[in-house]
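Here is what each chain is made of, one letter per residue.
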Amino acid sequence: MFLWEGVTEFVAVAETESFTAASKRLGISTAQVSRQVSALENRLNTKLFYRTTRKVSLTEEGNVYYQHCRQVLDGLEDAERAISNLRGKPQGLIKLTAPVTYGEKYIMPLVNDFMLQYPEVEVAIDMTNRQVDLVEGSFDLAIRLGRLTSSSMMAKRLTSRTMYVCASPAYLQKFGIPHSLSELRQHNCLIGNYDHWRFQESGKEKSIRVSGTLNCNSGYGLRDAVIKGIGLAQLPDYYIDKDLESGAIVPILTNYQEPDEGIWALYPHNRHLSPKVRMLVDYLAEQLPHISHYDL
């Protein structure tokens, strides 16, 4: 056991580049992480980290030691996965994060169904629209919508979403139907998280800056404004599918509509998926494409 002392703390600091972040990841105090790493350095008689007030980085010796320790820890994770596979059922904690609306409407019901199938699984889910750091927050998994910006994560496409520019029939009757992207400047374009709408024109992506009398980070708030005839909005299908079906909202500029975007499961590239996480990801990928938006 003496040989293992400080190793887990050392790897956590190396991967998060922070003693504070490592303490959060491991669920222990920063002081305890610092003590364990210092004791490890004393035992090895080697400086493993360069420490400044702003950053912690590996020394050359620390990087060599990290590579070996990571292999050992990966081997232990492989051993645990092998045992779990022998048991034939997932168990233990899965920590994941998901966007608020999509998570509440689609992810959480499926997670609950998964837990009913595998009662030995525990789940901690953080619903937030912030792009949280998976390594620092010790998350096994994140659900992300649309385009991916991080290249440091592994990703599995679960399903897709369609983005619509839409309006109410009353608005279009009063102000007319735009037939080209240039006509958007003549309309009240309601803004969500971004003031640029993306389209595809002649096979190429085109981004149009829009403006209007409402700026709201709630999809349901924008949907309500569209239904009431206040203006146009660009919204994903899961907010407005029922309204498109009923005719309360009408899609416009469909000739310029971008291809469907992905909905993804993300996990850190340096972390092997445990059986329980892999099974949850596979379950979501199997179920999400078949869920009718009208059922939830």
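Keep in mind it's a predicted model, so treat the numbers as computed, not measured.

(A) Seen up close, the pattern of salt bridges. Counted according to the given criterion, the structure contains 10 salt bridges. For the salt bridge of R161 with E261, the shortest nitrogen-to-oxygen distance reads 2.9 Å. Remark: E261 occurs in strand β12 (residues 261-268) and R161 occurs in strand β6 (residues 153-161); sequence separation between them is 100 residues. Each member of the pair R161 and E261 is classed as buried. With a shortest N-O distance of 2.6 Å, D243 and R223 are connected by a salt bridge. Of this pair, D243 sits in helix α8 (residues 237-246) while R223 sits in helix α7 (residues 219-227), placing them 20 residues apart in sequence. Bridged by salt links that share partners, the residues R161, R198, E258 and E261 form one connected network.

(B) Spotlight on the domain arrangement of the protein. In terms of domains, the protein is made up of domain 1 (5-78), domain 2 (90-157 + 260-285) and domain 3 (162-254). Once you take the C-alpha centre of each, domain 1 and domain 3 turn out to be 50 Å apart.

(C) The nonpolar core, seen in detail. Grouped together as the largest cluster of nonpolar side chains are 36 residues, with contacts concentrated most on I107, I143, L158, L280, L284 and L288. With 7 residues, helix α5 (residues 100-117) is the single largest residue contributor to this core. Composition of this core by domain shows at least three residues from each of domain 2 (90-157 + 260-285) and domain 3 (162-254). Non-local contacts of L158, meaning those with residues more than four positions away in its chain, are made with I143, I263, W264, A265, V281, L284, A285, L288 and P289. Grouped together as the second largest cluster of nonpolar side chains are 17 residues, A12, A22, V56 and C69 included.

Calculation criteria
Residues numbered from 1 in each chain as written. Predicted model: local features only at pLDDT ≥ 70, side-chain atom pairs only at ≥ 80, totals over all residues. Heavy atoms only, no water. Salt bridge = Lys/Arg side-chain N within 4 Å of Asp/Glu carboxyl O. Helix = DSSP H or I, 4+ residues; strand = E, 2+ residues; numbered from the N terminus. Buried < 20%, exposed > 50% of the residue type's maximum accessible area, 1.4 Å probe, protein only. Domains from an automatic or database assignment. Core = buried A, V, L, I, M, F, W, Y, C linked by side-chain atoms within 4.5 Å. Contact = heavy atoms within 4.5 Å.

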